[in-house]
Number of protein chains: 2
Amino acid sequence: MIDQLVNIYPKKRRHKFTMTAKTSQKRNGSKTGIRRENERAILEAAESVFAEFGYRGATTSLIAERAGIPKPNLHYYFPTKEALYREVVDNIFNIWLDAADSFDDCDDPAEALTRYISKKMDISRDHPMGSKVWANEILQKAPVIHDYLETVLKDWTNSRVAIIQRWIDEGRIDQVNPETLLYMIWATTQHYADFNHQIETLNGGKPLSDDRFEAAKQQVVDIILTGIGAGRAPAP
Amino acid sequence: MIDQLVNIYPKKRRHKFTMTAKTSQKRNGSKTGIRRENERAILEAAESVFAEFGYRGATTSLIAERAGIPKPNLHYYFPTKEALYREVVDNIFNIWLDAADSFDDCDDPAEALTRYISKKMDISRDHPMGSKVWANEILQKAPVIHDYLETVLKDWTNSRVAIIQRWIDEGRIDQVNPETLLYMIWATTQHYADFNHQIETLNGGKPLSDDRFEAAKQQVVDIILTGIGAGRAPAP
DNA sequence: GTCTATAGAATGATAGAC
DNA sequence: GTCTATCATTCTATAGAC
């Protein structure tokens, strides 16, 4: 997905080789079962550690420990901490971009927004670590994905702003600032991933049940749709 | 505010003395101008560094550099990185708790929520670093403030949930889950602090103007109040 | 109160035997 | 492919001269 990422953390010492998504992809065909399983375990552990501590706070020792392998083996599969981080970020991008498509499946504002909000809530449920890595990146002023924000995210946002503006012009929803609406959707849906520790604590130390989560999803949809005068989505 | 904070990061080496908010307070009367100014500069620098990198990712060197003092001087004023972090977190607690009061100034749901949302938006504008330190704490599963979430925040939340539930029972707002409404308010308002780098990037690399920010504040109030059937707040 | 110099621990990464 | 041993760097914190 991202062949070229910006150079970050120039103060660190440089390395001879940096694995990119492309070179990793190229080797997919010849991966042994051991390699595939170890890479999967490392990426999963890395996602959780980077989500919790950000790039700088994460340590390769902790990632290796959570992956259940000795630290040198981690460097065998991913030559540098930075290369590993880029792979993790890359994986998250793909998930988020896929979700974005649900915005375009339908031209009815109520139905399109219902699908998009629901999909974003599902991602917060299924991939909370990815959302947290993204949050950490933004808190750190996006050293890795900054140009990505300026290109892919900006283009995606502009095109959806245009869609929302058209709905307004056609009188199908109230006059709202499209960006403000998008930020509200992003903030509210991602809150269920990024702040899930706070939500769990307020919920008596336990995660929201499936029923409670589904109810929250429906409430978020209802409040936002009602709030912008789009009413409820028609039954499918 | 917080005299006793939980023990964190037990793996790190221990220190002979940990400054608490109380001991620091006790010395207020005899502070020289130099001490006061240096402590202020250090705390401001620390807030921005902890906001950006979290506790583990932050370095005392960077804090000292941003404060414009040599690193050993930082340790002269704050004996450990952890003590400094606790002071920063303590400062933020006070701001957030003050804001919470605006919820109780009025019994009319539209007016109370308008005041609370507006106040929270103002805090995101005026103290974005504090909000980011909080966000980092939650992402890291709140190693410092965990018991605070379970006591102060839980009590505050419960009492406001009761207020919202009463409004529902009296038919003054729609049937909504009170927690879901609160999370939506927190998420949306804090988004303007925690994700301001993303918002700025999408805004052409510049911060939102005062006018745009005020408009966003009004929109957030309008969408949420309309969304829960509270209508607009009566003119003051 | 200030700051040079540095101790002691942890970190990212590598060498090289198996 | 795996892992013990270890290096070079960076970190928190302190000693001690001024």
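Since this is a predicted model, take the numbers as computed values, not measurements.

Draft legend 1. Region of interest: the overall build of chain A. Along its length, chain A carries 11 helices and zero strands. For chain A, the sequential pattern of α-helices and β-strands runs α-α-α-α-α-α-α-α-α-α-α. Looking at chain A alone, contacts between residues at least 24 apart form 68% of all its contacts between residues at least 6 apart. Counting only carbon and sulfur atoms, one obtains 50% of the accessible surface of chain A, whose full area is about 10800 Å².

Draft legend 2. Structural detail: the relation of the copies chain A and chain B. Placing chain A over chain B gives an RMSD of 0.0 Å and needs a rotation angle of 180°, together with 0.0 Å of translation along the axis. In short, the pair behaves as if placed about a two-fold rotation axis. The residues that chain A uses at the interface reappear at the interface of chain B in 100% of cases, marking a shared surface.

Draft legend 3. View of the interface of chain A and chain B. At the interface, 50 residues of chain A touch 51 residues of chain B. Taken over both partners, the interface formed by chain A and chain B buries close to 5000 Å², and the fraction arising from carbon and sulfur atoms is 65%. Our count for the chain A to chain B interface comes out at zero salt bridges. Summed over the shared surface of chain A and chain B, the result is 11 residue pairs in polar contact (both at pLDDT 80 or more). Among the elements of the structure, helix 2 (33-57), helix 7 (128-139), helix 8 (146-169), helix 9 (178-194), helix 10 (196-202) and helix 11 (210-227) of chain A are those that each provide at least two residues to the side of chain A that touches chain B.

Draft legend 4. Inspection of the protein's contact with DNA strand C at higher detail. Near DNA strand C there are 22 residues, and of these A:Thr60, A:Lys81, B:Thr32, B:Pro70 and B:Tyr77 occur at the shortest range. Backbone polar atom of A:Ala58 to a phosphate oxygen of DNA strand C: 3.3 Å apart, as the coordinates give it. Contact distances for DNA strand C include 3.4 Å between a phosphate oxygen and a side-chain N or O atom of B:Asn38. Those elements that place two or more of their residues in the surface near DNA strand C are helix 3 (60-67) and helix 4 (71-77) of chain A together with helix 2 (33-57) and helix 4 (71-77) of chain B. It is helix 4 of chain B that contributes the most residues to the surface near DNA strand C, four residues altogether. Looking at side-chain class alone, the surface near DNA strand C contains eight nonpolar, nine polar and five charged residues.

Draft legend 5. Inspection of unusual backbone geometry at higher detail. Residue A:Ala142 is not a glycine yet carries a positive backbone phi of 55°. With respect to the helices, strands and loops of the structure, A:Ala142 is situated in the loop between helix 7 and helix 8. Unlike most non-glycine residues, B:Lys141 shows phi in positive territory, near 65°. Looking at the secondary structure, you find B:Lys141 in the loop between helix 7 (128-139) and helix 8 (146-169). We classify B:Lys141 as partly exposed; its relative accessible area is 42%.

Draft legend 6. The arrangement of the domain arrangement of chain A in detail. All names here are of chain A. On domain assignment, one finds that chain A holds domain 1 (21-86) and domain 2 (90-227). Counting residues at the interface gives 12 residues for domain 1 and 11 residues for domain 2. Taking both partners together, domain 1 and domain 2 bury about 870 Å²; carbon and sulfur atoms supply 57% of that area. When the buried area of domain 1 at its contact with domain 2 is split by residue, Glu47, Ala51 and Tyr85 rank highest and sum to 53% of it. Here domain 1 and domain 2 share zero salt bridges between them. Our enumeration of links across domain 1 and domain 2 arrives at four residue pairs in polar contact (both at pLDDT 80 or more). Put simply, the parts of the chain that give the side of domain 1 that touches domain 2 at least two residues each are helix 2 and helix 5 (81-100). By residue number, the principal contributor to the side of domain 1 that touches domain 2 is helix 2, which donates nine residues. Grouping the amino acids of the side of domain 1 that touches domain 2 by side-chain chemistry returns seven nonpolar, two polar and three charged.

Draft legend 7. Broad picture of the packing of aromatic side chains. In the structure shown here, the tally under the stated rule is 27 aromatic pairs over all chains. Judged by centre distance (5.7 Å) and plane angle (50°), the rings of A:Tyr183 and A:Trp186 are tilted. Pair noted here: A:Tyr183 and A:Trp186 are both in helix 9, with a separation of three residues, about one helical turn. In this pair, the class of A:Tyr183 matches that of A:Trp186, namely buried. When the ring of A:Tyr183 is compared with that of B:Tyr192, the centres are 6.2 Å apart and the planes differ by 75°; the resulting orientation is edge-to-face. Taken together, the positions of A:Tyr183 in helix 9 and B:Tyr192 in helix 9 (residues 178-194) put the pair across two chains.

Draft legend 8. Looking closely at the protein's contact with DNA strand D. Among the 21 residues in the neighbourhood of DNA strand D, the closest are listed as A:Arg35, A:Tyr77, B:Thr60, B:Lys71 and B:Lys81. Within 4 Å of the protein, the atoms of DNA strand D are drawn from sugar and phosphate moieties in a proportion of 64%. Here a phosphate oxygen of DNA strand D sits 3.5 Å away from a polar atom, N or O, in the side chain of A:Asn38. A distance of 2.8 Å separates a phosphate oxygen of DNA strand D from a polar side-chain atom of B:Thr60.

Draft legend 9. Structural view of the environment of A:Glu150. Mapped onto the secondary structure, A:Glu150 falls in helix 8. Through-space distance from the C-alpha of A:Glu150 to that of A:Ser209 is 37 Å; in sequence the pair is 59 residues apart.

Conventions used here
- Residues numbered from 1 in each chain as written.
- Chains lettered and ligands numbered in written order.
- Predicted model: local features only at pLDDT ≥ 70, side-chain atom pairs only at ≥ 80, totals over all residues.
- Heavy atoms only, no water.
- Helix = DSSP H or I, 4+ residues; strand = E, 2+ residues; numbered from the N terminus.
- Contact = heavy atoms within 4.5 Å.
- Areas by Shrake-Rupley, 256 points an atom, 1.4 Å probe, with all protein chains shown as cover.
- Least-squares fit on C-alpha atoms with pLDDT ≥ 70 in both.
- Buried area = accessible area lost by both parts, 1.4 Å probe.
- Salt bridge = Lys/Arg side-chain N within 4 Å of Asp/Glu carboxyl O.
- Polar contact = N/O pair within 3.5 Å; in protein donor to acceptor, adjacent residues only side chain to side chain.
- Near = heavy atom within 4 Å.
- Nonpolar A, V, L, I, M, F, W, Y, C, P; charged D, E, K, R; others polar.
- Buried < 20%, exposed > 50% of the residue type's maximum accessible area, 1.4 Å probe, protein only.
- Domains from an automatic or database assignment.
- Phe/Tyr/Trp six-rings, centres within 6.5 Å; stacked < 30°, edge-to-face > 60°.

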